[in-house]
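Working through the structure, step by step
Okay, here's what each chain looks like letter by letter:
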Amino acid sequence: MKRIVAWLSVALLLVVATPADAAAQSRLGGLLDWVHKLSGPQFIGPALSYAVGNDAARFRISGAYRWSFSSEDAIDPDDATITQLTIHPAGEFRIWESQGRGFRLEGNAGVALHRFMGDSDGFWHWSLPVYLQSLVPVSDRLDLRIGAGGHYFFEFGDDDFLPLTVTVPRDGGEFTWAFYAGLDWKLF
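The rules behind these values
- Residues numbered from 1 in each chain as written.
- Predicted model: local features only at pLDDT ≥ 70, side-chain atom pairs only at ≥ 80, totals over all residues.
- Heavy atoms only, no water.
- Helix = DSSP H or I, 4+ residues; strand = E, 2+ residues; numbered from the N terminus.
- Buried < 20%, exposed > 50% of the residue type's maximum accessible area, 1.4 Å probe, protein only.
- Areas by Shrake-Rupley, 256 points an atom, 1.4 Å probe, with all protein chains shown as cover.
- Phe/Tyr/Trp six-rings, centres within 6.5 Å; stacked < 30°, edge-to-face > 60°.
- pLDDT = per-residue confidence, 0-100.
- Contact = heavy atoms within 4.5 Å.
- Core = buried A, V, L, I, M, F, W, Y, C linked by side-chain atoms within 4.5 Å.

Another aspect to go through is the overall build of the chain. For the chain, the helix and strand inventory stands at three helices and 11 strands. Ordered by position in the sequence, the α and β elements of the chain form the string α-α-α-β-β-β-β-β-β-β-β-β-β-β. When burial is assessed residue by residue, the chain has 35% of its 188 residues classed as buried. Of the accessible surface of the chain, which amounts to about 11200 Å², a share of 64% is contributed by carbon and sulfur atoms.

Next up, the structure:
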């Protein structure tokens, strides 16, 4: 049963996180289009993390390398790519745990430092990430981690992303949505 729940959770996450074409967006009443317009380019990529602590509270440090994959007119020229290297220290804390099953719901909050590069001039920027994540036990040493939340990016400068034209707020901050799935492997 645990494996079925884990695989269904991954499938649901992939459906939610997959960019939709215009026809699919209109079938959802424009909801996906509205969510996308809240932020600039969309990014995808792998990440690694290491955590210390216990089941109630942990400190986690993550590193991620992402690249833009669907600008939807957020990057000009359209064929340009922006990459993002992120360092993200955070605290994680248990919100709820099921009795006897090991399923947990957790909060994750911290600060993230981003290096934007690629076809734009490189620059550093930071954000405040907040996530809600669930852990589904797969085995004694392996948990499936699924999370959703976002980053609040503080105002981008006029010179950020040059020589590209990138649609991001220049007169205030912005909140960007993020989804992830991964495996937690207990070393000890």
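Bringing the packing of aromatic side chains into the picture now. Throughout the structure, instances matching the rule amount to 15 aromatic pairs. Relative to F156, the ring of F123 lies with its centre 6.4 Å away and its plane at 85 degrees, an arrangement referred to as edge-to-face. Taken together, the residues span a long stretch of sequence, with F123 in strand β8 (residues 123-137) and F156 in the loop between β9 (142-153) and β10 (165-166) at a distance of 33 residues. We classify F123 as buried; its relative accessible area is 10%. Relative to Y180, the ring of Y131 has its centre 5.2 Å away and its plane inclined at 80 degrees; by these criteria the two rings are edge-to-face. Taken as a pair, Y131 in strand β8 and Y180 in strand β11 (residues 174-185) lie far apart in primary sequence, 49 residues in all. Taking relative accessible area as the criterion, Y131 reaches 9% and is therefore assigned buried. Taken together, the ring pairs in this structure connect F43, F116, F123, F153, F156 and F161 into an aromatic cluster.

Let us now look at the confidence of the model for the chain. For the chain, the average pLDDT comes to 80, and 77% of its residues sit at 70 or higher. This model gives residues 1-29 a pLDDT under 50, and the stretch forms 27 contacts once residues within four places in sequence are excluded.

In this section: the nonpolar core. Grouped together as the largest cluster of nonpolar side chains are 11 residues: I75, A80, I82, F116, F123, F153, F156, F161, L164, V166 and V168. The residues contacting I82, other than those within four sequence positions of it, are P41, F43, R66, W67, S68, I75, F116, M117, F161, L164 and V166.

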